[in-house]
Amino acid sequence: DAGVIQSPRHEVTEMGQEVTLRCKPISGHNSLFWYRQTMMRGLELLIYFNNNVPIDDSGMPEDRFSAKMPNASFSTLKIQPSEPRDSAVYFCASSLRVTSGGLEQYFGPGTRLTVT
Amino acid sequence: AQKVTQAQTEISVVEKEDVTLDCVYETRDTTYYLFWYKQPPSGELVFLIRRNSFDEQNEISGRYSWNFQKSTSSFNFTITASQVVDSAVYFCALSTNSGYALNFGKGTSLLVTP
């Protein structure tokens, strides 16, 4: 079975440009998460979707960040305009969600974003 | 609020040594879930194990074992007879029924040398 797919794997862009990261979750999973990993802050949750609906976006740093999940097999994370401090590795993860119990999340390979 | 502490930032061992990675957690929820993930140098995050708060049985999987102790709020991970391929950053994480996001510790970087 295919795992979580992310694209691009690497992105280098100039400050002020728009960046779009893409994610395809594991088929059948109904929860999707976007995380960001930096040396200073470690792994932190940006936003969480369940059945394509955003449930918790309290981790989104500011209005420059937005995420969508138009269907069960695709999500995007957009940064507009990008800034050097947005440089990080962005991970997408998916899991099954049941009414009770925290299930393991399966992570994509990540997108390494560099904003110059 | 939930918090995971991995006090060991870096550990270096020689191949075949046993090594234990510590994880201490904090939560007010009575139902919670603990996880370990491995991040090898290639960068992906690999799921290793999940434990529920109501199941304190220790787990063994090959050279890996996990010791869950609610009394000390710890969920430690031991690698027996370490190998070079075990070199990675290992993350402990916590989630609860009040929020399904994973709260990660800062990670422990393990280096196994030949």
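In what follows, the structure referred to is the one given above.
Keep in mind it's a predicted model, so treat the numbers as computed, not measured.

**Quick word on empty space enclosed by the protein**
Under the criterion given, the structure shown has one cavity of 30 Å³ or more. There is about 40 Å³ of room inside the largest cavity. Surrounding the largest cavity, A:Ser31, A:Phe33, A:Ser95, A:Leu96, A:Arg97, A:Gly102, A:Leu103, A:Gln105, B:Ser95 and B:Tyr100 form its lining. Considering only residue class, the lining of the largest cavity consists of four nonpolar, five polar and one charged.

**Re the nonpolar core**
If you look at the biggest cluster of nonpolar residues, it comprises 23 residues, and the most contacted ones within it are B:Trp36, B:Phe75, B:Phe77, B:Tyr90 and B:Leu110. For this core, the secondary-structure elements that each account for two or more residues are strand S2 (10-14), strand S3 (19-21), strand S5 (32-39), strand S8 (64-69), strand S9 (74-79), strand S10 (88-96) and strand S12 (108-113) of chain B. Here the element with the most residues in this core is S10(B); it accounts for four residues. Beyond its immediate chain neighbours, meaning those up to four positions away, B:Leu110 contacts B:Ile11, B:Val13, B:Val19, B:Ile79, B:Asp86, B:Ser87, B:Ala88 and B:Tyr90. A:Ile26, A:Met60, A:Tyr90 and A:Cys92 belong to the second-largest nonpolar core, a separate cluster that totals 21 residues.

**Focus: the interface of chain A and chain B**
Chain A puts 22 residues into the contact, and the matching count from chain B is 17 residues. Carbon and sulfur atoms make up 59% of the surface buried where chain A meets chain B, a total of about 1,600 Å² over both sides. The largest contributions to the chain A side of the interface with chain B come from A:Leu43, A:Gly102 and A:Phe107, which together make up 31% of the buried area. Our count for the chain A to chain B interface comes out at one salt bridge. Run the count over chain A and chain B and you get five residue pairs in polar contact (both at pLDDT 80 or more). When residues in the side of chain A that touches chain B are grouped by element, the largest group, four residues, is from strand S5 (residues 42-50) of chain A. In terms of residue class, the side of chain A that touches chain B is built from twelve nonpolar, seven polar and three charged.

The rules behind these values
- Residues numbered from 1 in each chain as written.
- Chains lettered and ligands numbered in written order.
- Predicted model: local features only at pLDDT ≥ 70, side-chain atom pairs only at ≥ 80, totals over all residues.
- Heavy atoms only, no water.
- 1 Å grid on protein atoms, 1.4 Å probe; cavity = no way out; pocket = protein on both sides within 12 Å on 5 of 7 lines; lining within 4 Å.
- Points joined across faces, edges and corners; volume = space filled by probe spheres on them.
- Nonpolar A, V, L, I, M, F, W, Y, C, P; charged D, E, K, R; others polar.
- Core = buried A, V, L, I, M, F, W, Y, C linked by side-chain atoms within 4.5 Å.
- Buried < 20%, exposed > 50% of the residue type's maximum accessible area, 1.4 Å probe, protein only.
- Helix = DSSP H or I, 4+ residues; strand = E, 2+ residues; numbered from the N terminus.
- Contact = heavy atoms within 4.5 Å.
- Buried area = accessible area lost by both parts, 1.4 Å probe.
- Salt bridge = Lys/Arg side-chain N within 4 Å of Asp/Glu carboxyl O.
- Polar contact = N/O pair within 3.5 Å; in protein donor to acceptor, adjacent residues only side chain to side chain.

It is worth stressing that arrangement in space is one thing and function is another; only the former is reported here.
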